[in-house]
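Structural overview for review
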Amino acid sequence: MVVVEFFSDTPIDNMISTLTGCPDKVILVGQSKIIKRSGQNYKKFLASIGNDRTEIDYCSIIPHDLGNIVKALEKIVMEYSECHFDLTGGDELAMAAIGIIYERFGGKGIKLHQYNIKTGAVYDCDMDGRVFSSEIPSLTVEQNIILHGGSIVTDAQRSGSTYSWNFTESFEKDVFAMWEICRKNCALWNYQVTMLSEIMTFNSAADDELQLCANMADVEVYLRTKGNSLNLDGIFDKLVEAGMLVGFGMDDEMLQFRFKDKQVKMCLTKAGTLLELVTLLSARRITKEDGKPYFTDARTGVMIDWDGIVHNNKDGNVDTENEIDVILMKGVVPIFISCKNGKIPDDELYKLNTVAEQFGSGYAKKVLVAADMGKKANSRKYFLERAKDMGIQIIENVHTMSPEKFENILKNI
């Protein structure tokens, strides 16, 4: 079987029939340089989904020349006895050309179909009563990034990049136990977790990454240079009570304790991590009526390399990278989520919008999850209006929501 795709700037439009039908060959119809450059990305994408069967071929056309397009399609129809034309992509002129071809060669077994990417529905455009594969495909977060020409930078490739969390039942309970502490005063949580991260630089227990032993004099001098004073009131006693910190002790000379484990330590040394994990785990809890996950994939702290080639930054090459707090997949539609547990920078909307458009095209959904946005009334008004204009959904005051309410909002994004 041969599938003919009218090239679209939206990658999933060009690959949807290959995902559902696994043809022997897919022919991209468009401008030569563009389709061949994109075709290389699509070969990587097919490899990522385990498709070693489908061959990618090219049909070059002059975009604004109807006669040229018709001749190119005629050649395809004459060469292949069974052609399925996917009308999901392509412009008006391409649609006019396929109409002419179908009128002339309809008896040669030409098939026409079109997908609705958002719903997964497929339409029988030749009205012969037979529908092209109606299987509803799904992609992982990584496959979607590869489809758009990028790659995920793993922690193995570069320290501090995309970390692979181990979501055991015990750790999930720990996340929500810490969230109960955080949500009562998010600003205090951010302040003290940031302080703790700074205190870690004075750790004398170098042979044990989970143990903190810090000289109080050094800590207080350092904090004074930053205009701060040591204040552990508010969350540390609750973290000890919840078992996140053990062996806690503090006197005039020494501050010491031990983190429960490495993943708890990561939550307690970077202020925004906890809300990201709460958002991710809340999404993972949502199921369909049959008990299957509502979202087909979910990842947090995803570091994306734009051109798909990760450099070591020692060869003079500089990578264009962005980190997205949470990415969910609903079938083949990605949802990009930025999580902010405190004040939101004015450029946050632009960062989110840029990455979502690059790696989700027009189908991507964009969401900002926030606790207290920290904006005055007038500033908040303009911020919300700007988000609306950019198609970004704001979920605010999440710290006041019940788990059920937050899950329901995520489900209806």
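See the structure printed just above.
Bear in mind that the values here come from a model prediction, so they are computed numbers and not experimental data. (Residues numbered from 1 in each chain as written. Predicted model: local features only at pLDDT ≥ 70, side-chain atom pairs only at ≥ 80, totals over all residues. Heavy atoms only, no water.)

So, about the overall build of the protein chain. Check the secondary structure of the protein chain and you find 14 helices and 15 strands. With the C-alpha coordinates aligned to their principal axes, the bounding extent of the protein chain is approximately 90 × 50 × 40 Å. Counting only residues that meet the buried cut, the protein chain has 49% of its 413 residues in that class. Of the roughly 20,000 Å² that the protein chain leaves accessible, carbon and sulfur atoms contribute 48%. Of the side chains in the protein chain, 46 bear a positive and 59 a negative charge, and the two mean positions are spaced by 3 Å. (Helix = DSSP H or I, 4+ residues; strand = E, 2+ residues; numbered from the N terminus. Buried < 20%, exposed > 50% of the residue type's maximum accessible area, 1.4 Å probe, protein only. Areas by Shrake-Rupley, 256 points an atom, 1.4 Å probe, with all protein chains shown as cover. Lys, Arg positive; Asp, Glu negative; His and termini not counted. Charge placed at Lys NZ, Arg CZ, Asp CG, Glu CD.)

Another point: a negative patch on the surface. A cluster of acidic residues, Glu-220, Asp-251, Asp-252 and Glu-253, forms a negative patch at the surface. In this fold, Glu-220 is placed in helix α8 (residues 216-225). (Patch = residues over 30% accessible without salt bridge, like charges linked within 9 Å, V, L, I, M, F, W, Y side chains within 5 Å. Salt bridge = Lys/Arg side-chain N within 4 Å of Asp/Glu carboxyl O.)

So, about the side chain of Glu-407. Of note, Glu-407 is situated in helix α14 (residues 403-411). Relative accessible area serves as the criterion here: at 18%, Glu-407 is assigned to the buried category. If near-sequence neighbours (up to four positions away) are discounted, Glu-407 is found in contact with Ser-282, Arg-285 and Ile-286. (Contact = heavy atoms within 4.5 Å.)

A word on the environment of Tyr-42. Its location among the elements puts Tyr-42 in helix α2 (residues 32-48). Linking Tyr-42 and Asn-412, residues 370 residues apart in sequence, is a C-alpha distance of 31 Å. Among residues more than four places away in sequence, those in contact with Tyr-42 are Phe-7, Pro-11, Asn-14, Met-15, Leu-28, Ile-56 and Leu-147. Engagement of the side chain of Tyr-42 in a polar contact is seen with the side chain of Asn-14, the distance being 2.8 Å. (Polar contact = N/O pair within 3.5 Å; in protein donor to acceptor, adjacent residues only side chain to side chain.)

Counted according to the given criterion, the structure contains zero disulfides. The structure places no disulfide on Cys-125, whose sulfur is separated from the nearest cysteine sulfur, that of Cys-83, by 16 Å. Accessibility expressed as a relative area gives 26% for Cys-125, which makes it partly exposed. Here Cys-182 is not disulfide-linked; the sulfur of Cys-186 is the nearest cysteine sulfur, at 4.2 Å. (Disulfide = S-S within 2.5 Å.)

Let us look at the packing of aromatic side chains. This structure, assessed with the given rule, holds eleven aromatic pairs. An aromatic cluster is present here, built from Tyr-163, Trp-165, Phe-167 and Phe-171 joined pairwise through their rings. When the ring centre of Phe-176 is taken as origin, the NZ or CZ atom of Arg-285, which lies over that ring, is 4.0 Å away. (Phe/Tyr/Trp six-rings, centres within 6.5 Å; stacked < 30°, edge-to-face > 60°. Lys NZ or Arg CZ within 6 Å of the ring centre and 35° of its normal.)

Here we come to the environment of Asp-297. Along the chain, Asp-297 falls in strand β11 (residues 297-305). When sequence neighbours within four positions are dropped, the list of residues in contact with Asp-297 reads Leu-139, Thr-140, Val-141, Ile-327, Leu-328 and Met-329.

Moving on: the pairing of strand β2 (residues 25-30). Along a regular strand, successive side chains alternate from one face of the sheet to the other. Of all the six residues making up β2, six are buried; the element is thus mostly covered by neighbouring parts of the structure. Here β2 shows a buried face lined by Lys-25, Ile-27 and Val-29 and a second buried face lined by Val-26, Leu-28 and Gly-30. As paired elements, strand β1 (residues 2-6) and β2 share five bridges and run parallel to each other. Looking at β2, one finds that Val-2 is bridged to Lys-25. (Pairing = 2+ DSSP bridges.)

Taken in spatial order, the six strands make up an open sheet running β3-β2-β1-β4-β5-β6, and their pairing is mixed. The open sheet has two edge strands, β3 (55-60) and β6 (122-124), and neither has a second partner. Strand after strand, the sheet turns through a mean of 25 degrees between neighbouring axes, direction not considered. When β2 meets β3, the two strands line up parallel, connected through six bridges. Across the sheet, Ile-27 pairs through a bridge with Asp-57, a residue of β3. Against the sheet, α2 contacts β2 and β3, and its axis sits at roughly 170 degrees relative to β3. Contacts from helix α4 (residues 92-105) reach β1, β4 (83-86) and β5 (111-115) within the one sheet, and its direction differs from that of β1 by about 145 degrees. (Axes fitted to C-alpha atoms, helices over the stretch in contact; angles between N-to-C directions.)

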